[in-house]
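# Structure assessment
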Amino acid sequence: MNNTPPAPDNELPDTHYLNATYGSGIRSWLLTTDHKRIALLYLASVTVFFFIGGVLATMIRIHLLTPTGALVTPETYNKLFTMHGVAMIFFFLIPSIPAVLGNFLIPLMIGAKDLAFPKVNLLSWYIYILGGSFVLYSFGTGGLDTGWTFYTPLSSVYSNSAVTPAVIGIFINGFSSILTGLNFIVTIHTMRAPGMTWFRLPLFAWAHYATSLVMILGTPVIAITLLLVGLERIFHLGFFNPALGGDPILFQHLFWFYSHPAVYIMILPAMGVVSEIIPTFARKPIFGYAFIAGSSIAIAVIGFLVWAHHMFVTGESTYAALTFSFLSYLVAIPSAIKVFNWTSTLYKGSISWDPPMIYALGFIGLFVIGGLTGLFLACLGLDIHIHDTYFVVAHFHYIMVGGAVMGYVGGLHFWWPKITGRLYPESLSRAAAVVLFIGFNLTFFPQFILGYLGMPRRYHTYPPEFQVLNVLSTAGASILALGYLLPMAYLTWSMRYGKVAGQNPWPATGLEWKTDSPPPTENFHVTPEVTWEPYDFENRPDLGLAAGARPLAPAHGDD
Amino acid sequence: MHRTGDLYGHFQTLEQQKETAALGMWIFLVTEVLFFGGLFLTYTINRHTFSTAFGIGSNTLDIKLGAGNTVVLIMSSLTMAMAVWSAQVGKKKLVSIFLIATLALGTVFLGVKAIEYKQKFDHHLVPGLSFDMKYHPTHPMPGDDLTELALEKEEVDKAFAQDPDINAHGQLYFSLYFGMTGLHALHMIIGAGLLIWLIRGSFRGRFTPQYNTPVEIVGLYWHFVDIVWIYLFPLLYLIDRHR
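Residues numbered from 1 in each chain as written. Chains lettered and ligands numbered in written order. Predicted model: local features only at pLDDT ≥ 70, side-chain atom pairs only at ≥ 80, totals over all residues.

Here the focus is the overall build of chain A. On a plain count of helices and strands, chain A comes out with 15 helices and zero strands. Counting only C-alpha atoms and orienting by the principal axes, one finds that chain A spans roughly 75 × 55 × 45 Å. If you take every contact in chain A between residues at least 6 apart in sequence, the share linking residues at least 24 apart comes to 84%. (Helix = DSSP H or I, 4+ residues; strand = E, 2+ residues; numbered from the N terminus. Contact = placed C-beta atoms within 7 Å.)

If you want it as structure tokens, here you go:
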């Protein structure tokens, strides 16, 4: 039986994963196999790349304050947006939620002591660091100017920038993704605690399972594609070079076969986060659990079938274009199902406006805009006009920043008490969430208009009549930056000075909330046995919700 | 210190540990299928577009060596499976014998591949290194059959007439040849390393009916590498040979 009494709620537990010493200080971190410590290693590294990408974005926005752009030369401008994309997509967005929150939470959520392959988990992080080093080397020795999409033959033949180290770095980094995905899939299959059946899994776990499927199936393809680009560059081969009989469109197919599913790698985990936050702060079971779980899998599967919607203007046959357009509309349906289910969860719920909830609600709104504009782009006739304009840029930033990053920051805020044992200042964090939301919309909404009016993307200049909108966008970017800096500041502050959180401050229903904050190294003092359904606020007296509280509304309307 | 066959701390039972290891290897092999798949796709598309050049390329490969290698690799999969079986029934000595046999056959395969690569190098068929598909018929090596070479020269001349860029397209074929067989050979070398590790373990009597997971999962990996070759051989050596 349990012989370590749980820590009382106003004190941190005596030993937990952060202060457990099994070796000297820094070595015990760099050689750890504890999934929680590895998650924090990732937290530090992805934040570094977020900064780098952010600095590059700042330079882009400052340059675009004037129509003729006086900050950098055209060649440098090409490097700015390329490196911004590479840093943000491969080294921030794709790892962020899975490698930080997924690594930390999945064993806790399923009642396991660690992931299935803890050493492989550590290896994943080192592979990420190695890949990142190659890319940083590339940034530092001439940069990259091919666009993050590395279209050939610019990337494979003509570019004079440091393409080869960059593609090597991204190739290596791909294995970090693959091994993380592999670890999650096997863990969820074989390491669940007694009573944790598939349909009792939290939706965060389902989301990561679906994400992992995409990671393991898609990432090898971009690995081999970038390898071919590198080989072509070094040995002057001709797979993608028309002068030697190769086909640049083949590159695009191979590239987008991964890179489209990659966007689902970025959004599915964020959706998982939202699926955890909404029921908690509506204090209601989530509406349509099975449909949300199933829609995650559906998005993963259908997401592999739509890649050529990035290639409508390359001359692909009308029939192919029609098929991909149709499938792109189809893939929106499971996403829409999630949005409806989240909203239905809110209906007649007991809403509280804690900071994670603000992020989650912001996610829903911004994701709807981003997703809908994706459908506009998937419409063949419309795409002819808005392809390669700022409309596309606005669309994917709504999804990736308004969606995925808000999910990430919201998730950090939701699980921060579990990770650190501390709470953060409530009013300040609510204000920061609002600042982020406002800054984000001011930055990117004008870009929809710019794109629709015809401003091309990846251009260092623009016609003078677009200046007002560009200035608005840059102003928004400065507010957005503040919205990110504030949490970085107060979350760091809270690690030492924040109020002690206790086991379950919100309270929430997941298994991770039934152990100490921060958790012990072995996660649970006693292996839990699960006998309750997920998000079941009614039948969980252990949550300490006030006795005699208003009965919770049933999940399915007025019964 | 963790000892062989012990339960790792985060597992509940040995059964769970074994199941986890096997599932992990299967999923890893799925990723490998996708990894090689990109190359296979590129090859297939290019073969369709440049069938003449690819046909000639196929003809420069030595079918006897290729077929021989295929048999060698299939036999190595047999010995590997026998090693797994031996571990499962507790015949520890046989485990070592079969693992060594697998390693030996794998080494034979790699040796033959090295010979083939050297041949390509001699015949100026390595992309980027003074590649020239016409070189061999016009520069016989000692021991070559001159009448066969004359026929080859005739075919190559015809093909050059049909497809003026045939050297460029031929380079594509050989890029893919070296890329695919090279990647395969790299996986075999890694497999050989894993086998050496297993052999050392088997000498120490590590693998018993209760605990033989490493043999099983390396076996899975080895079989996968075999299957990749079984696809590579017809694609590279056999298709369009008669043209």
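On we go.
So, about the overall build of chain B. When helices and strands are counted, chain B shows eight helices and zero strands. Going residue by residue from the N terminus, the α and β elements of chain B occur as α-α-α-α-α-α-α-α. Expressed as lengths along the three principal axes of its C-alpha atoms, the size of chain B is roughly 70 × 35 × 30 Å. Buried positions account for 35% of the 243 residues belonging to chain B. Here the analysis covers contacts within chain B between residues at least 6 apart in sequence; of these, 77% occur between residues at least 24 apart. (Buried ≥ 20, exposed ≤ 12 C-beta atoms within 10 Å, placed from the backbone.)

Next up on the list: the interface of chain A and chain B. The interface is formed by 30 residues belonging to chain A together with 27 residues belonging to chain B. Every element with two or more residues in the side of chain A that touches chain B is listed here: helix 6 (163-190), helix 7 (203-235) and helix 8 (248-282) of chain A. It is helix 7 of chain A that contributes the most residues to the side of chain A that touches chain B, nine residues altogether. Among the residues making up the side of chain A that touches chain B, the classes are represented as 21 nonpolar, seven polar and two charged. (Nonpolar A, V, L, I, M, F, W, Y, C, P; charged D, E, K, R; others polar.)

Here we come to helix 8 of chain A. Residues lying three or four places apart along an α-helix face the same way, a consequence of the helix completing one turn every 3.6 residues. Residue and element names in this part refer to chain A. Between its terminal C-alpha atoms helix 8 stretches 51 Å, which fits the 51 Å expected from 35 residues at 1.5 Å a residue. Counting buried residues along helix 8, 32 of its 35 residues qualify, which places the element largely inside the surrounding structure. Downstream of helix 8 by one or two residues, Arg283 has phi in the positive range, about 45°. (Expected span 1.5 Å × (residues − 1).)

Residues and elements named next belong to chain A. Packing of helix 3 (residues 74-110) against helix 8 leaves a shortest axis separation of 8 Å and a crossing angle of 35°. Remark: the crossing between helix 3 and helix 8 carries left-handed chirality. On helix 8, the residues touching Leu93, Ile94, Ile97, Pro98, Leu101 and Gly102 of helix 3 are Ala262, Ile265, Met266, Pro269, Ala270 and Val273. Residues of the contact of helix 3 with helix 8, tallied by class, amount to 11 nonpolar, one polar and no charged. (Axes fitted to C-alpha atoms, helices over the stretch in contact; angles between N-to-C directions. Left-handed = near helix turned anticlockwise from the far one by under 90°.)

Attention shifts here to the packing of helix 2 (residues 35-63) of chain A against helix 4 (residues 118-140) of chain A. Residues and elements named next belong to chain A. Where helix 2 meets helix 4, the closest approach of the two axes is 10 Å, and the angle between their N-to-C directions is 15°. In terms of axis orientation, helix 2 runs roughly parallel to helix 4. By crossing handedness, the relation of helix 2 to helix 4 is classed as left-handed. Seen from helix 2, the contacting residues are His35, Ile38, Leu41, Tyr42, Ser45 and Phe49; seen from helix 4, they are Pro118, Asn121, Leu122, Trp125, Tyr128, Ile129 and Gly132. Within the contact of helix 2 with helix 4, the residues separate by chemical class into nine nonpolar, four polar and no charged. (Parallel < 35°, antiparallel > 145°, perpendicular 65-115°, else oblique.)

Our focus in this paragraph is the environment of Leu442(A). All names here are of chain A. Looking at the secondary structure, you find Leu442 in helix 14 (residues 426-453). Take Leu442: there are 18 C-beta atoms within 10 Å of it, and that puts it in the partly exposed class. In this structure, the C-alpha to C-alpha distance between Leu442 and Leu469, residues 27 residues apart in sequence, is 9.7 Å. Apart from residues no more than four positions distant in its own chain, Leu442 is found in contact with Leu472, Ala475, Gly476 and Ile479.

Across chain B, pLDDT averages 89, with 97% of residues at or above 70. Overall fold confidence (pTM) sits at 0.93, and the ipTM for the predicted complex is 0.89. (pLDDT = per-residue confidence, 0-100.)

Another aspect to go through is the environment of Ala477(A). All names here are of chain A. For Ala477, the position within the fold is in helix 15 (residues 467-497). Between the C-alpha atoms of Ala477 and Arg61, which are 416 residues apart in sequence, the distance is 7.5 Å. In contact with Ala477, not counting residues within four places along its chain, are Ala57, Thr58, Arg61 and Thr443.

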